[in-house]
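# Per-entry structural report
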Amino acid sequence: MVWDEFYNNWEACAFESEKLRAKFEHTTIEALNEIYEEDLPREGKERERLVMQRVNQNFFRKMVLSSYNNTCCITGLQKPELLVASHIRRWADDPENRMNPRNGLALNALHDRAFEAGLIAIGSEYQVLLCSALKKSKDPAVAVHFLPYEGAALRLPKRFLPDEGFLKGHLEGRFLG
């Protein structure tokens, strides 16, 4: 029953988790997540949403990076400070799956930006796809940072395998092909 509640409402449970952690550590959610009052809007309503969003994003990041053993699923880079818990379906486009770890990929910052821009995608066999512009590029940086990964198998997480429907939606809706 607890698992079903968590699995069906990632966002609420993530926020509850952060509240419990703050209570256990005798601090505030804001302090745990380095959210400072002077950075927050003055309106109370916006303040609450901003806090919840940042807390949940931090929880999502920890969950996704942990699933991928703090390793970029494309390059194998193992520097957590250079990794992003990238949403397959954008935060704004799918509120119900914002916190779903199956909606996340552990990517380094460069490949996260390329994924977001539709320059790379993940195919049905969990392989890296490059858009034609990258494949045709004469840029030496593209040759080093992208071409070696074309067709490469994704490093899959130990749990929370990326949702095939989310990947297909990205491929069909955002990938520049």
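In this report, we go over the structure that sits alongside the text. If you're wondering where the values come from, they're calculated on a predicted model, not measured in any experiment.

### Examining the overall build of the chain
- If you tally the helices and strands in the chain, you get eight helices and four strands.
- Traced from its N-terminal end to its C-terminal end, the chain shows the element sequence α-α-α-α-β-β-α-β-β-α-α-α.
- Here the chain, with 177 residues, has 40% of them falling under the buried criterion.
- Here the analysis covers contacts within the chain between residues at least 6 apart in sequence; of these, 64% occur between residues at least 24 apart.
- For the chain, the computed accessible surface area is about 10,300 Å², with 52% contributed by carbon and sulfur atoms.

### Remarks on the environment of G76
- Along the polypeptide, G76 turns up in the loop between α4 (44–67) and β1 (83–87).
- For G76 and A106, which are 30 residues apart along the polypeptide, the C-alpha to C-alpha distance reads 9.8 Å.
- When near neighbours in sequence (up to four residues on either side) are disregarded, G76 contacts T71 and R155.

### Some details on unusual backbone geometry
- A positive phi is found at H26, a non-glycine position, where the angle reads about 55°.
- According to the relative accessible area criterion, H26 is exposed, its value standing at 75%.
- Even without being glycine, N70 reaches a positive phi, approximately 50°.
- In this fold, N70 is placed in the loop between α4 and β1.

### Details of helix α2 (residues 10–24)
- Over its 15 residues, α2 extends 21 Å from the first C-alpha to the last, a length consistent with the 21 Å expected when each residue adds 1.5 Å.
- Of the positions making up α2, those classed as buried are W10, C13, A14, F15, E18 and A22.
- One or two residues past the end of α2 sits H26, with phi positive at roughly 55°.

### Looking at the side chain of D112
- Summarising the element assignment, D112 is placed in helix α5 (residues 109–116).
- Each residue touching D112, except ones within four places of it in the same chain, is listed here: V84, S86 and L107.

### Some thoughts on the pairing of strand β2 (residues 104–108)
- Burial of β2 is extensive: five of the five residues sit out of reach of the surface.
- Here five bridges tie β1 to β2, and the two strands are oriented antiparallel to one another. Residue pairing across strands places A85 opposite A106, the latter belonging to β2.

So, how was this worked out
- Residues numbered from 1 in each chain as written.
- Predicted model: local features only at pLDDT ≥ 70, side-chain atom pairs only at ≥ 80, totals over all residues.
- Heavy atoms only, no water.
- Helix = DSSP H or I, 4+ residues; strand = E, 2+ residues; numbered from the N terminus.
- Buried < 20%, exposed > 50% of the residue type's maximum accessible area, 1.4 Å probe, protein only.
- Contact = heavy atoms within 4.5 Å.
- Areas by Shrake-Rupley, 256 points an atom, 1.4 Å probe, with all protein chains shown as cover.
- Expected span 1.5 Å × (residues − 1).
- Pairing = 2+ DSSP bridges.

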